[in-house]
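Coordinate analysis (summary)
Listed below are the residues making up each chain.
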Amino acid sequence: MPELPEVETVRRGLLPAMEGATVTRLEARRPDLRWPLPENFANRMRGRKIERLRRRAKYLLADLSGGETLIMHLGMSGSFRVLRGNEEQSPGEFLYPRSNNETHDHVVFHLEPRATVTFNDPRRFGAMLMGETATLAEHPLFKGMGPEPMDAGLNAAHLARVCRGRSTSLKAALLDQRIVAGLGNIYVSEALHRARVSPRRPARVMAARDGTPTEAAIRLAAAIKQVLAAAIEAGGSSLRDHRRTDGEIGLFQHAFRVYDREGVRCPARGCKGTIRRIVQNARSTYYCPVCQR
Ligand SMILES: [Zn+2]
């Protein structure tokens, strides 16, 4: 499943073609993806201007003229191809190869200024929905969702407030969308390692007895932002590249310090630990038992 940095690099790659463009025609080649496509999808999209293309957690949000927002999710295997002039690009760098088999091209946007944006999704866990822009925060997908990890609202005080008194593991807490939006399995492991905090510690270690944030919370809030910014930058560096024929292997995976690195020497300076894999809530966690306390 693409994580937040991949989705953000996709957004940045789509911006030049989509933001400010008008949908002259939309092809919906099947009635559903993970969920049914919006009713009268093609008709409702025709003539709409995409005023803004933004992101909330792992959702891409296209604010349209007329007060509605198109909500898009890549699911497990979704990707976009952008055709402008003779140049085709597939924005984003992914850990696993994306399909370019045309039988999985499910939604095609024809845009003015002239561009074609195609959504391809072999496994069809992706989504396209429409919602009223003004009330989007109350949409079932977004209601109760925590702050964006890159925004100022995600800080040590927030972590202390929402984790105070909680005995659930820090790993589970950080995957909880009500605590922080869109931080997935990979980047939770990476952020905890940079913050030198064990994923097994209870979430309550974010708050001191009086409710103020601990040193661990301060380090963790900073580490979350650093690890995501670095991953976005790594993906962003390849946005100008043409679609690669060798399968699009993410660049940032080479920079993972702990994720998928079981048995490897801990990369933290001066640490002689070995990266260990454990299973928490049925998902792999990677960490160093020596420097993460
Ligand atoms: Zn270590």
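Coordinates for the structure precede this section.
The notes below deal with the structure included here. (Residues numbered from 1 in each chain as written. Predicted model: local features only at pLDDT ≥ 70, side-chain atom pairs only at ≥ 80, totals over all residues. Heavy atoms only, no water.)

Of all 6 residues that make up strand S8 (residues 115-120), 5 are buried, and the element is covered over most of its length. In this sheet, S8 lies alongside strand S5 (residues 79-84) in antiparallel orientation, the contact comprising 5 bridges. Bridge pairing in S8 links Phe80 to Phe119. Both strand S7 (residues 105-112) and S8 contribute to a ladder of 6 bridges, which runs antiparallel. From the neighbouring strand, His110 faces S8, where its bridge partner is Thr116. Where S7 folds back on S8, the antiparallel hairpin that results is connected by 2 residues. (Buried < 20%, exposed > 50% of the residue type's maximum accessible area, 1.4 Å probe, protein only. Helix = DSSP H or I, 4+ residues; strand = E, 2+ residues; numbered from the N terminus. Pairing = 2+ DSSP bridges.)

Protein-derived ligands of the zinc ion are Cys266 (SG), Cys271 (SG), Cys288 (SG) and Cys291 (SG), with the metal-ligand distances lying across 2.3 Å. Note that the zinc ion binds 4 donor atoms; their angles at the metal cover 104 to 116 degrees, and the shape is tetrahedral. Sequence positions of the donors to the zinc ion reduce to the motif C-x4-C-x16-C-x2-C. Of this pair, Cys271 sits in the loop between helix H6 (215-236) and strand S10 (276-280) while Cys291 sits in the segment after strand S11 (283-287), placing them 20 residues apart in sequence. There is no split in this pair, since Cys271 and Cys291 are both buried. (Donors = N, O, S within 2.8 Å, 3.2 Å for Na, K, Ca; no water. Tetrahedral: all angles 85-135°; square planar, octahedral: opposite > 155°, others 65-115°.)

Bringing the sheet that holds strand S3 (residues 59-64) into the picture now. Each strand in a sheet pairs with another by means of backbone hydrogen bonds, the pair being arranged parallel or else antiparallel. The strand order across the open sheet formed by 4 strands is S2-S3-S4-S9, and the pairing between neighbours is antiparallel. Two strands close off the open sheet at either side, each with one partner strand: strand S2 (50-56) and strand S9 (127-132). Averaged over neighbouring strand pairs, the angle between their axes works out to 25 degrees when direction is ignored. Relative to strand S4 (residues 68-73), S3 runs antiparallel, the two being bridged by 5 bridges. Looking across to S4, one finds that Leu60 is bridged to Met72. (Axes fitted to C-alpha atoms, helices over the stretch in contact; angles between N-to-C directions.)

This paragraph deals with the packing of aromatic side chains. Working definition: an aromatic ring pair is given by the centre-to-centre distance plus the angle between the planes. If you walk through the whole model with that rule in mind, you get 5 aromatic pairs. With a centroid separation of 5.0 Å and an interplanar angle of 50 degrees, the aromatic rings of Phe80 and Phe119 are classed as tilted. Remark: Phe119 occurs in strand S8 and Phe80 occurs in strand S5; sequence separation between them is 39 residues. Given the relative accessible area of 1%, Phe119 is considered buried. With 5.2 Å between their ring centres and 70 degrees between their planes, Tyr259 and Tyr286 make a pair best called edge-to-face. Here the residue Tyr259 occupies a position in the loop between H6 and S10, and Tyr286 occupies one in strand S11, the gap between them amounting to 27 residues. Neither Tyr259 nor Tyr286 differs from the other in exposure class; each is buried. (Phe/Tyr/Trp six-rings, centres within 6.5 Å; stacked < 30°, edge-to-face > 60°.)

Quick look at helix H5 (residues 185-195) now. A large share of H5 lies buried, amounting to 11 of its 11 residues. Within the sequence span of H5, burial applies to Asn185, Ile186, Tyr187, Val188, Ser189, Glu190, Ala191, Leu192, His193, Arg194 and Ala195. Where H5 ends, the next residue or the one after it, Arg196, has phi of about 60 degrees, a positive value.

This next bit is on the nonpolar core. In terms of nonpolar packing, the biggest core is built from 38 residues, with Leu174, Met206 and Leu220 touching the most fellow members. Looking at this core, the elements with two or more residues in it are helix H3 (156-163), helix H4 (170-175), H5 and H6. A total of 9 residues in this core trace back to one element, the largest contributor, which is H6. Core analysis: the next-biggest nonpolar cluster, separate from the first, contains 30 residues, Leu64, Leu70, Val107 and Val117 among them. (Core = buried A, V, L, I, M, F, W, Y, C linked by side-chain atoms within 4.5 Å.)

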